[in-house]
Amino acid sequence: MCWRIWHLTRRKKQIALDNAQGRGLSRSEKCGIFNHDAWEEDLSELSEGEKEKGECNHPISSSDNNIKIPRINSDMQIWSDEDHEDKPRRLYIVLISLHGLVRGENMELGRDSDTGGQVKYVVELARALANMAGVHRVDLLTRQITSTELDSTYAEPIEMLSCPSDATATSCGAYIIRIPCGPNHKYIPKESLWPYIPEFIDGSLSHIVNMSRALGEQIQGGAGKPAWPYVIHGHYADAGEVAAHLSGVLNVPMVLTGHSLGRNKLEQLLKQGRLSREVINSTYKITRRIEAEEFGLDAAEMVVTSTRQEIEEQWGLYDGFDFMLERKLRVRRRRFVTCLGRYMPRMVVIPPGMDFSYVTNQDTFEGDGDLNSLIGSDRAQTKRTIPPIWSEVMRFFTNPHKPMILALSRPDPKKNVTTLLKAYGECPPLRELANLTLILGNREDIEEMSESSSVVLTTVLKLVDKYDLYGQVAYPKHHNQSQVPEIYRLAAKTKGVFINPALVEPFGLTLIEAAAYALPVVATKNGGPVDIIKALNNGLLVDPHDHKAIADSLLKLVAEKNLWFECRKNGLKNIHRYSWPEHCRNYLSHVEHCRNRHPNTRLEITPIKEEEPMSDSLKGVEDLSLKFSIDSDIESLIRQKELIEAFTTHRRTASSSTNGISSSSIAYCPGRRKRLFVVAADCYNREGCCTELLPMVIENVKQAAADLLSLNSIGLILLTGLTLQEIKELEDVRLEDFDAVVCSNGSEMCYPWKDCSSTTTADVEYEAHIEYRWPGENVKSIITRLGRIEGGGSRDEDDIVENPKAFSSRCFSYCIKPGAKTTRIDELRKRLRIRGLRCNPIYTRAASRLNVIPLLASRIQALRYLSVKWGIELSSMVVFTGDKGDTDYKDILEGLHKTVILPGITEYGSELFLCSTGESYMKEDEGTSCLSLVKAQTHEVNDIITALKTLRFM
């Protein structure tokens, strides 16, 4: 029946189109025929029940077909230097590229699989952005490495990339900021960095906050507000996860660039058939990487890609992005119809940029292609003028006058160098006409390289021997970044061709470089090269798996001189499209446009106050009159006396009306706290009820603080999955003991020192901070359906039911029937992502309750929020927790804060509901990074004090 309805609808549309064509209607009239049908299709994409809830009235009647609907990007202004001359803007931009060896000069590209084109791209992007009008400072955050096996540059905390050209410049330049993360004494590949991501987040947050304060004072000339980043841009999956958390804490727009994507890599590796899914996951931590990319999609305001193909065929593989749904949501926004809580990041295509300053005029001279002037009879004299890298390459060739086929990449299986070598070896005409040069990074001993690199290089040597390519193939061992231009020049002088045979190439920067040096190109048809070749019109695209097609394309360019000269001319003519200024203008234009969708609220920092607590300052309040000037008139003295009496009365009233509440807690001010003790213990029994151990832990932690330091300098925070009302109902737990209470797994926050009455309310500012992208009521009813197991077993409607007592505006709570089969967290998050709903589901209270909260609302994010707001470093916090807990338990353990685990206080946790079987992402697989974590013997005061001393916190 459904198929028949669909078929009849399509047939009706076809008849309407035929009639329109028969009557010769105008284009606008033809489009008007489908307006209503398209509108209904747009609504049909949404899940059942939502059409009635949303606005489903057609906003344009059949008689209004000629009404023009504004385009989505009609208000996007192109970034221009002239626009910022009258009212100069001083933007602070943060870029993040976590892994690899990042430095500004003499980049060791190709040293390993983590130090490739991405490193060069982000460094040059930082420099180029800093040179744009309106940009004040650019920080590129990366990891600090103090290994003795590496150059000392990578241990420097700060490296200047660019500085203002004159004293009157408004920019203060671009910088590489190296953040300590994990074991600094050694270099770690990106697959092993995942456990240390929280440390990098906390370190980056501290730098950004300090820098924003300094820039605020510098720009505004004094004690101004912090100059928060204009945008935080994460490059690759690991940096994308970092940027997502920082964006959530600071409420700053986030941009993501994938560079290469985990799902696409997994697909390619499985297609090769060399490794099983289990081996791929253990080697590349691929599921952890995919989850980071999904999380980045959840939080990103914009995703920068290099091609349309990357959007449709690569990002389209992810749960968090659906190309058709994204288009439908854009249509709804354009028609001013609610999207019902659904969200998709904006995908934009911005071609990669390149610095052409070192491309000289001699690189475009057509006559320079003849090597006879360089290699003549007087070879000894000529060698003195040849760059060293030329000699290094040409020593491999029997006949160096032949055109050169140049391939430049790191020795990685996905770069597909072995297929290129096979294509060259099996094509005698190509071998007769051209030499092959393989620039595959740097090496000393193949056996000491990583497994993947050594396999590639060993295969290359075997293929050279198999096809007897000695004298025809060059594979030098060493080169540095400054010699890369000379390599391109050598290929151009031989009238050679550049080839990029990679299985998938996200950007294709080497193709742009080759075009700048007047080299025609042959490139893979997967990824960035598609759009690059289309724009430059300087080469051919091939299937990277078809070695015969690769050989035919190379032979065609080498043999047909007219085609070679045509490609050369087109490349030089169109190369300006890929300059860095052009790239940055497009980038800043899109960022400014996307910021219009982002809330303008910014996190306010509480001023730091050094004075004593009010309770101490009022001890001698009766003698305050002695401090007043003796020259005061009678009216001033009367007002001062009234003020003293008011303070004294308030003190006495507060002391008598709060049932033992200490006046220091009432008079508390965040700026006076130097350290924080955080109780994050999930003390539940099998039924999910809070046990008597929680009040005992709170009291013991408080007592330990009193024994070691003054209570006035240590604040007490409670992080819990309970609601505020449930905390109030607990015996022996007093709200007034806490500086802040974070409830419902991080969706609510209140300050008992501000309001100690029974009507303590949540912090509205914090709720506004986390509400962005929260679908609200639109996700309320769908959870009960998505949370049940599909297929097999019972699916009783009462397995998951709403819990009205625990509901709040930012937390939807559901009770789970004992023994019910419910969806694991990762699967539930996946189902929500597919529908465009961005939430954070958490099982709590021994998996007897499911809380669904805003995306970036969590207990650890709340702690970071307080760190920024109150000006207390995360390293000055101690988190006390059990050895198990809610499904967000692992997040609480990791970071720069100290962690004390109190064994035995949690009877039942919710870990079993964290992940399902199969391909699920499991944090247990990544181990722990908690270098500042200790286990106390029990939850007693003495053991807590011993643990704190072990951490050297006191």
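Structural data are supplied above this passage.
Reading the values: rules and limits
Residues numbered from 1 in each chain as written. Predicted model: local features only at pLDDT ≥ 70, side-chain atom pairs only at ≥ 80, totals over all residues. Heavy atoms only, no water. Helix = DSSP H or I, 4+ residues; strand = E, 2+ residues; numbered from the N terminus. Buried < 20%, exposed > 50% of the residue type's maximum accessible area, 1.4 Å probe, protein only. Contact = heavy atoms within 4.5 Å. Pairing = 2+ DSSP bridges. Axes fitted to C-alpha atoms, helices over the stretch in contact; angles between N-to-C directions. Polar contact = N/O pair within 3.5 Å; in protein donor to acceptor, adjacent residues only side chain to side chain. Right-handed = clockwise from strand over helix to strand, strands pointing away. Parallel < 35°, antiparallel > 145°, perpendicular 65-115°, else oblique. Left-handed = near helix turned anticlockwise from the far one by under 90°.

Participant: Looking at this structure, I do not really get the overall build of the protein chain. What am I missing?
Facilitator: Within the protein chain one finds 33 helices and 25 strands. Residue burial in the protein chain is summarised as follows: out of 954 residues, 57% are buried. When contacts within the protein chain are restricted to residue pairs at least 6 apart in sequence, those whose partners lie at least 24 apart make up 72%.

Participant: So what exactly am I meant to see when it comes to the sheet that holds strand S21 (residues 839-844) here?
Facilitator: Strand pairing within a sheet occurs via backbone hydrogen bonds; the two strands may be parallel or antiparallel. Read across the sheet, 4 strands follow the order S19-S20-S22-S21 without closing on themselves; strand pairing throughout is antiparallel. Where the open sheet ends on each side, the last strands, each with one partner, are strand S19 (800-802) and S21. The mean inter-strand angle of the sheet, taken between neighbouring strand axes irrespective of direction, is 30 degrees. Where S21 meets strand S22 (residues 849-854), 6 bridges bridge the pair, whose relative direction is antiparallel. Paired with Thr844 across the strands is Arg849, a residue of S22.

Participant: Which parts of the structure should I look at to understand the side chain of Ser808?
Facilitator: Along the chain, the position of Ser808 falls in the loop between S19 and strand S20 (812-816). Classification of Ser808 by relative accessible area gives buried; the value is 17%. In this structure the side chain of Ser808 is engaged in a polar contact, spanning 2.7 Å, whose partner is the side chain of Glu748.

Participant: Looking at this model, I keep getting lost on the environment of Lys495. Mind explaining?
Facilitator: Following the sequence through the fold, Lys495 ends up in the loop between helix H17 (484-493) and strand S12 (497-500). Placed 66 residues apart in sequence, Lys495 and Lys561 show a C-alpha to C-alpha distance of 9.0 Å.

Participant: I'm lost on the pairing of strand S10 (residues 435-439) in this one. Help?
Facilitator: The side chains of a regular strand alternate, first on one face of the sheet and then on the other. The buried fraction of S10 amounts to 5 of the 5 residues, a majority that puts the element mostly inside the structure. Where burial is concerned, the two faces of S10 agree: the one with Asn435, Thr437 and Ile439 and the one with Leu436 and Leu438 are both buried. Bridge analysis of strand S9 (residues 404-408) against S10 gives 5 bridges, and the strand direction is parallel. Each bridged residue has a counterpart across the sheet, and for Leu406 the counterpart in S10 is Thr437. In this view, the connection linking S10 to its parallel neighbour strand S11 (residues 473-474) by way of helix H16 (residues 451-466) has right-handed handedness.

Participant: So what exactly am I meant to see when it comes to the pairing of strand S1 (residues 91-96) here?
Facilitator: With 6 of 6 residues buried, S1 lies mostly within the body of the structure. Residues Leu91, Ile93 and Leu95 point to one face of S1 and Tyr92, Val94 and Ile96 to the other, with burial holding for every one of them. Direction of pairing for S1 relative to strand S2 (residues 135-143): parallel, over a ladder of 6 bridges. Looking at S2, one finds that Tyr92 is bridged to Arg137. Crossover connection from S1 via helix H4 (residues 117-130) to parallel S2: handedness right-handed.

Participant: It is not clear to me how the packing of helix H6 (residues 236-250) against helix H9 (residues 286-299) should be interpreted in this structure. Could you clarify?
Facilitator: Packed helices, taken two at a time, are described by the angle their axes make and the gap between the axes. In contact at an axis separation of 8 Å, H6 and H9 are set at 40 degrees when each is read in the N-to-C sense. Between H6 and H9, the angle falls in the class oblique. Of the two possible hands of crossing, H6 and H9 adopt the one that is left-handed. The segment H6 lies against H9, with Tyr236, Ala237, Gly240, Glu241, Ala244 and His245 engaging Arg288, Arg289, Ala292, Glu293, Phe295, Gly296 and Ala299.

Participant: Sorry if this is basic, but what is going on with the side chain of Gln309 here?
Facilitator: For Gln309, the location among the structural elements is in helix H10 (residues 308-314). Filtering out sequence-adjacent residues up to four positions away, Gln309 remains in contact with Gln314, Asn526 and Gly527.

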